[in-house]
Every structure is written in structure tokens, then in C-alpha cells.
Amino acid sequence: MKQKKSKQATRILVLEPDEQLASAITSALQQAAPDALVELTHSLEEAQKIVLGVKPDLFILDVDATHDLGQDFLYDLRTSHPNARAIILTGAHLPEQREHVSSLGAIHFLEKPLTQWDFVDLVERLLKPPAAASEKFEGTLRDLQFTDIIQLKCMSGATSVLEFTGPDGEKARVFFENGQVRHATAPGRQGMAAFNEIVRWKGGTVAEVAGAGPSPRTIEMDWQHLLMEAVRQADEMPAATTDRAKSSAKKLLVVDDSLMLLSFVKDVLLDAGYAVTSASTGEEAVRTAQTDLPDLILLDFILPDMKGDEVCRRLFENPGTAGIPVVYMSGYGAELQASQGQNPNVIGFLNKPFTSDLLIKTVETHMPRQPDEPQPTEPQMPPDEPTQSVEADFPMEQQPAYQEASEVGPEISQAPETPWWTPPPQAEAPAVFEPAAEQSAAPDESITSGMLFCGDTRFFSLNRALQIIANQKLTGTLQLFWDKSPVELLVQNGQILFATSRDPELYCPEAPVTLSNVDPDRIAAAREQQQETGRPLFIALMEENLILHEPATQLVQHHGQQLFAQLWSAPGVRFSFQQENLRDFATLLPGDSEVDQWALATLRFVQFPQLGSHAYYEPTSIPAYTRDGFERIQNLRLTVAEAQFASQFNGVRSVQQIAKNLRLDLKFASVTLFRFLALEIVECWSPAPGSGQEKKGIFQKLGGAIGLGE
């Protein structure tokens, strides 16, 4: 019995080479978590070996004392241990690194020298169990089957979401609506296929999910027939199916220098029925590929002995391995996508950190198939229900450990008729800014010189300008003026082509790795052309056949979005739209019709230090959807962190409550909230009771800007 109890104890892994600091941390942990089992390690290799056999609840890592402890390790940690928290100890002020890893969720920084009270307080908060959510029964029932749980929920007429954890840790969800099963998710499956899969699980745990949000309607069958059909299929499944699947399993080679990530990926793929081999260096990967001839290779780009592109080149030069497709696993998505053209055997990318569901879906998507082999079946969606992207599905399929809504008390019930938006006053209608050709004749172009509209971000948002371009299907150039060189956004028929500048140093300060084999003189000449015409240097190099079309397109998009991102937080930006025929080079690249998605991509480049006056919001202010915000956000491909954050908007929770629910610090919450505010998907309400929304009209803003009273 004692041994069983020790397994359930809280586990803490400490990586601290400094003996004096390690002793201080151990002493503080005895105060913060006296019953916890603490594993003290002095090297990264030692820590990685320990986590292969156990799953710590909390990691305490000194980033300064271990030179290998970089962003890649944090990505691997968050991927292989999604339910764990991590405290990073650092003596350096590195806001860029903090913002990079802040998107991983449950990662917190403490600066050295440590204050014991702060350290103890943070550990206690991270390990604190969720409070009781409601006045309902809680406990454990034995001999309870999955079918019993479904019957109980359906017979009670419930509308809720249950999360099931299988015997091997796999996650699944079942969505109930008025006593009927309407949707289900399981690793690599949705709808009835997922429901049938859960029925076959042998044991596990179940928990109710709070604030899961809406779900697609993929199951229409009555719950009784659904349950009988699932049980029938499970009973009729031949026992030999598993053996046949193993003998004909697709083979994968997983290459990564992180033993922790390798263990996680292998476990997930083995459970999914694949045959998996692994390698931790480039040389080992090349040898293993030649001997085992896998069907697909998952390759980390940064390896101890060589980079991923060198591995791909050697595989491609060998006739025996040239046809094996490769999928990159890395946190350097934009740079890798830009270099795809250099490696014909690279067919996909898996950005770290990733969930087990995304890993399986990526493998299913890119796994080669025989001509007579059926494609993986997609869940049947109702005619009126749009198909959701893989990225948007994550919040529905994986309940993170830090999304415990009960921490801020019981949920406040919402009346069905309450809108997600607050109706704005009539005087604030946006028609004063948007052109309306049907209402009146436009002035002669000789007077306006082709300028269609102009504005200032103190009065009109950048998002509003982008929406006008999209809604009016405009063609021309949006010129943006700020305290640096002007930025030009080229659009065609309402689609965004790219952003550029006549200052090549502002546009691309350092040459990316894709240009490493290009003559520096040709690069310098391309920069001079950009200074004269605004043509991005990558287009000039593409036209000279120095880089391929696909990498050029990726680089123009990446650096253009990174350039435009600086405008969101700039203190004052003036802009004007010139309706005109575009220059020839502008039409060489495809346009992006999803303006909101393009704008969100630029906002993801904005980090906390760049927010300036936007860095801090009143913690008690309440984010709520605007009139069309809820509808617009359904069409966005959100990251897991963004979707979890957006799921908390209900017109009641404050910024502080949302950060507490998701276990985020207010800095990361501010960065995420800034994205939705800039897109005007949400707005912040005053916390004062009955004060409603603190919002100024256009003329009030204008009067304040020029010194008039309100």
C-alpha cells in the first residue's frame, strides 16, 4: 500500500548544477511541498534519463547553468509532458527568449538571485489542486463501463463535455447536447469513428470539462442506436486484426537528439499501430534509413552532428533512400518552409510543440499509400457545418492541465438570449470611414490623385483599413507612415499580396539561411533595387533564378508580415490608400484572400517588449466579443494557446481571471489579448458594475487628440 501511495505523490524534477543553489531550492521545496518526491539532477543528460521513466508534475530548470538548455529543449518538454508545469531560473533579462517560450503555456520565469518567498509562493500555486467546482457528488465508482457513463449522461438530458483518458494515457472527448451524443474526438479520429474507438478502450478515467465551447455536429444518430451499434462493432472485431495490423504496419524513422521527445513520439506512434525506429544523430539516421527503408521519416532540423538539410541531401543522393519522404520537426517553421525547395524529399513540417493528435494526423497525411489503399476517412460533417482545420481542432481534442475553470469559482450561468457582443451607440456607426460608392459620387481623381481613403491610427485602426480593402475588393497600395521608413502593402482585388519597404535593412536586416549559397554581390544588387523600387530583394533573386519560386514566396511573406507587425504597436501611424495599377513584380506572387488570418499572422510577431503603452491592461477589465467578433473568430486558424484563451471570453471573466484559469502570467495574457483587440474581435469592458463598456466615439477621440474637452 505504501508503494502505491508513493506513485501518486507529487513529483518534482530539479535541474541545478550549482550545489549551493540546489540546496536552497531543496529547502524551499520542503516548505512549499513537504510531501512531494523531489528528484535532484545536475546535468541535462541525467534529467532526460529520469523523465523517461516517470512523469514529473513540476520541472525546475536553471537555464544559465546548462548551456544545452535552450528553446528546443523547452519545446520538447512541453510536447512530451503537456500536463507538467515548468519554472525556469535565469539570471539574465532575456525578453525575446521569454516571449518565445511563453506560447508553450505552463512555463514561468524566476530571476536570480531568488527570493525564497516568491519561489515558495509560485510552487504552491502551481501544485495547488483545483477547488471544488460545484455542490455535486464527487468520488470513485468501480466496475463502471464506458457504456454506463454514456447512458447516465444521456438519460439525464445533459449538455456537457466528458474527457476520457485511456489506459495508455490517450485522450478522447464526447460532446453531449440535450441528452444526445453530437460529437466525439479520439487520437486521429472524429465523429462516429472516434466514438466507436472509445468503446473499445479497456479501462481509464473520465472527467467533466468546463468551458469547452461549441463543437461541430458530426453525430445525428439517437444515442441508444449509437451505443448499440458501437458495442456490436466492438464485439464483432476479429481478434486477429491486431496481429495483421502489426505485420503490415507502416514503418517510421524518428530522428531527434532529445531522448525525452523520442520517447514521447515513439509511444504515441506505437499506440497508433506504426512500426517505429529512432535515431539521435544525422549519421545514425542515414545508416538506419539505408538498412530499414522506412516509409516516412520525422526529422529534427537541428542535430548534434549536422543540420536536417544535410541529412535530406545525403538521403536524396542515395538511390535506395531518395524516395523516402521527410517531415521536419522543429520550432523554426518559417525558415524551414522557405528552404523546402532545396530538398525535394521534404514534404511537410511539424512545428514544435505539438500534441499527440497533431502528430498522428501529420503522419496520416504524409504517409505514402499504395494505389489501391484507401485514403483516411474524414468525419461526416453536416451540410451547414464548415470543416474545421487541424489547428482549430486542438482545443476540442486536448484538455490542458492548466485549464481549470473552477479556480475562479463556479461558472456563471449565461442566459441563451444574451448576445456575445454589446450593441454600440448609434453615433458610433463605422460608416463615416468606409467608402460607400452607392451613396454619393466620388470626387474627381484629378483632385485626390488616386487616393481613395486615409487615416490615423489614433482615430481609425489598421484592422479597419484592412477590412475596407477586403470588403471593397480594392487594388492598389496602402502606404503607412511612421517614425521609420514608410511601409507599402500591395493588394489586388481585396487580396493581400505582400508588405515591403524601400529600406532593405528595415525589411531584412540579416540574410536568411536560404541565401547562404547566393553570391553576396547579387544580394547587394537586389537590395539596391529594393531601395529604388520597393521590389523585395527575394523577388529580384527569384527572377534571376538564384532562388526557387517557392522559397522566394515564403520569404516575401515572412519578412513582409514581420515588417507589418511593427506597425500594430507603433505609437502613431498614418496611412493612405492609392488606387492604382500594380507594378509588374507585384503580380508574380499569389494573393491571400483571408485578411483576418494574414493580420493574425503578423500579430504573432509582436512580442511583449514591443507592446509599449499596450503592454498592460487593467487586470479587472473584461474582454468580450464585438458584434461580429464571435463569427469572425470561428473562421480563424488559431494556435492551441490562442483557442484556449479565446474560449474564456464570456463577458464575465476578467483578464486576471482568464490568466489564472489558464495558469498564465499577465505578460503572456497581455500579448494574446492584444492580438484579439487589434483585430477588433474583442473589446475590453470596464469592471465597474453597471458602467457597461468604456468606449469613446470617433469625435470624442478626435476632440481629445486636438485638446478639446469631452
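Keep in mind it's a predicted model, so treat the numbers as computed, not measured.

## Considering the nonpolar core
Counting 83 residues, the largest nonpolar core has Leu-480, Leu-489, Phe-564 and Trp-568 as its most contacted members. In terms of residue count, the dominant contributor to this core is helix α22 (residues 549-568) (eight residues). Excluding residues that lie within four positions of it along the chain, Leu-480 makes contacts with Leu-462, Pro-486, Val-487, Leu-489, Phe-564, Leu-567, Val-573, Arg-574 and Phe-575. The next biggest cluster of nonpolar side chains, apart from the first, holds 22 residues, and it includes Phe-146, Ile-149, Ala-194 and Ile-198.

## Looking at the sheet that holds strand β8 (residues 180-186)
Pairing is antiparallel across the open sheet formed by five strands, whose spatial order is β9-β8-β7-β6-β10. The open sheet has two edge strands, β9 (189-190) and β10 (205-209), and neither has a second partner. When β8 meets β9, the two strands line up antiparallel, connected through two bridges. Bridge assignment links Ala-186 to a residue of β9, and that residue is Arg-189. Along the sheet face, helix α8 (residues 191-199) touches β6 (160-165), β7 (171-177), β8 and β9 and points at about 80° away from the line of β8.

## Description of unusual backbone geometry
Unlike most non-glycine residues, Asn-178 shows phi in positive territory, near 50°. Position of Asn-178 among the secondary structure elements: in the loop between β7 and β8. Positive phi is not limited to glycine here, since Asn-493 has a value of about 55°. Note on placement: Asn-493 falls in the loop between β18 (487-492) and β19 (495-501). Taking relative accessible area as the criterion, Asn-493 reaches 52% and is therefore assigned exposed.

## Looking at the packing of aromatic side chains
The full count for this structure, using the stated rule, is 11 aromatic pairs. Between Tyr-507 and Phe-538, the aromatic rings sit 6.1 Å apart at their centres with planes inclined by 45°, giving tilted as the arrangement. Of this pair, Tyr-507 sits in helix α19 (residues 504-507) while Phe-538 sits in helix α21 (residues 537-543), and the two are 31 residues apart along the sequence. There is no split in this pair, since Tyr-507 and Phe-538 are both buried. Taking the centre distance of 5.7 Å and the plane angle of 85° together, the rings of Phe-645 and Phe-649 count as edge-to-face. Overall, Phe-645 belongs to the buried group, its relative accessible area being 1%. Take Phe-649: its relative accessible area is 1%, and that puts it in the buried class. An aromatic cluster of three or more residues is present, and its members are Tyr-625, Phe-630, Phe-645, Phe-649 and Phe-676.

## Some points on the confidence of the model for the protein chain
Mean pLDDT over the protein chain stands at 76; residues scoring 70 or higher make up 73%. Within the model, pLDDT remains below 50 along residues 1-7, and this stretch shows zero contacts once partners closer than five positions in the same chain are excluded. Below pLDDT 50 for its whole length, residues 238-247 participates in zero contacts with residues either more than four positions away or in separate chains.

## Considering the environment of Gln-634
Its location among the elements puts Gln-634 in helix α24 (residues 629-634). Residue class for Gln-634 comes out partly exposed when judged on its relative accessible area of 45%. At a separation of 3.3 Å, a polar atom in the side chain of Gln-634 contacts the main-chain carbonyl oxygen of Phe-630.

## A few points about the environment of Glu-197
As for its position among the elements, Glu-197 is in helix α8. Sequence separation between Glu-197 and Ala-172 is 25 residues, and the spatial gap between their C-alpha atoms is 9.3 Å.

## Considering the sheet that holds strand β12 (residues 275-279)
Read across the sheet, five strands follow the order β12-β11-β13-β14-β15 without closing on themselves; strand pairing throughout is parallel. Two strands in the sheet have a free side with no partner beyond their single neighbour: β12 and β15 (346-351). Ignoring strand direction, the axes of neighbouring strands in this sheet form an average angle of 20°. By the bridge criterion, five bridges tie strand β11 (residues 251-255) to β12 in an arrangement that is parallel.

## A word on the pairing of β6
Counting buried residues in β6 gives six out of six residues, a clear majority hidden from the surface. Sheet topology places β6 next to β7; six bridges connect them, and they run antiparallel. Residue pairing for β7: Thr-165 is matched across the bridge by Lys-171. Counted along the chain from β6 to the antiparallel partner β7, the turn is five residues long, and its residue Gly-169 has a positive phi close to 90°. Pairing analysis gives five bridges linking β6 to β10, with the strands arranged antiparallel. Bridged to Leu-162 within β10 is Glu-208.

## Regarding the packing of helix α18 (residues 462-472) against α22
Packed helices, taken two at a time, are described by the angle between their axes plus the distance between the axes. Where α18 contacts α22, the axes come no closer than 10 Å and their chain directions differ by 130°. In terms of orientation, α18 and α22 fall into the oblique class. On α22, the residues touching Leu-462, Asn-463 and Leu-466 of α18 are Phe-564, Leu-567 and Trp-568. Across the contact of α18 with α22, the residue classes break down as five nonpolar, one polar and no charged.

## As for the pattern of salt bridges
For the coordinates displayed, the defined rule picks out 24 salt bridges. Note that Arg-535 and Glu-543 form a salt bridge whose closest N and O atoms lie 2.4 Å from each other. Since its relative accessible area comes to 17%, Arg-535 is described here as buried. Here Glu-642 ties to Arg-675 by a salt bridge, and the two come within 2.7 Å at their closest N and O atoms. Linking Glu-642 in helix α25 (residues 640-646) with Arg-675 in helix α27 (residues 666-678), this pair joins segments that are 33 residues apart in sequence. Assigned by exposure class, Glu-642 and Arg-675 land together as buried.

What counts as what
Residues numbered from 1 in each chain as written. Predicted model: local features only at pLDDT ≥ 70, side-chain atom pairs only at ≥ 80, totals over all residues. Heavy atoms only, no water. Core = buried A, V, L, I, M, F, W, Y, C linked by side-chain atoms within 4.5 Å. Buried < 20%, exposed > 50% of the residue type's maximum accessible area, 1.4 Å probe, protein only. Helix = DSSP H or I, 4+ residues; strand = E, 2+ residues; numbered from the N terminus. Contact = heavy atoms within 4.5 Å. Pairing = 2+ DSSP bridges. Axes fitted to C-alpha atoms, helices over the stretch in contact; angles between N-to-C directions. Phe/Tyr/Trp six-rings, centres within 6.5 Å; stacked < 30°, edge-to-face > 60°. pLDDT = per-residue confidence, 0-100. Polar contact = N/O pair within 3.5 Å; in protein donor to acceptor, adjacent residues only side chain to side chain. Parallel < 35°, antiparallel > 145°, perpendicular 65-115°, else oblique. Nonpolar A, V, L, I, M, F, W, Y, C, P; charged D, E, K, R; others polar. Salt bridge = Lys/Arg side-chain N within 4 Å of Asp/Glu carboxyl O.

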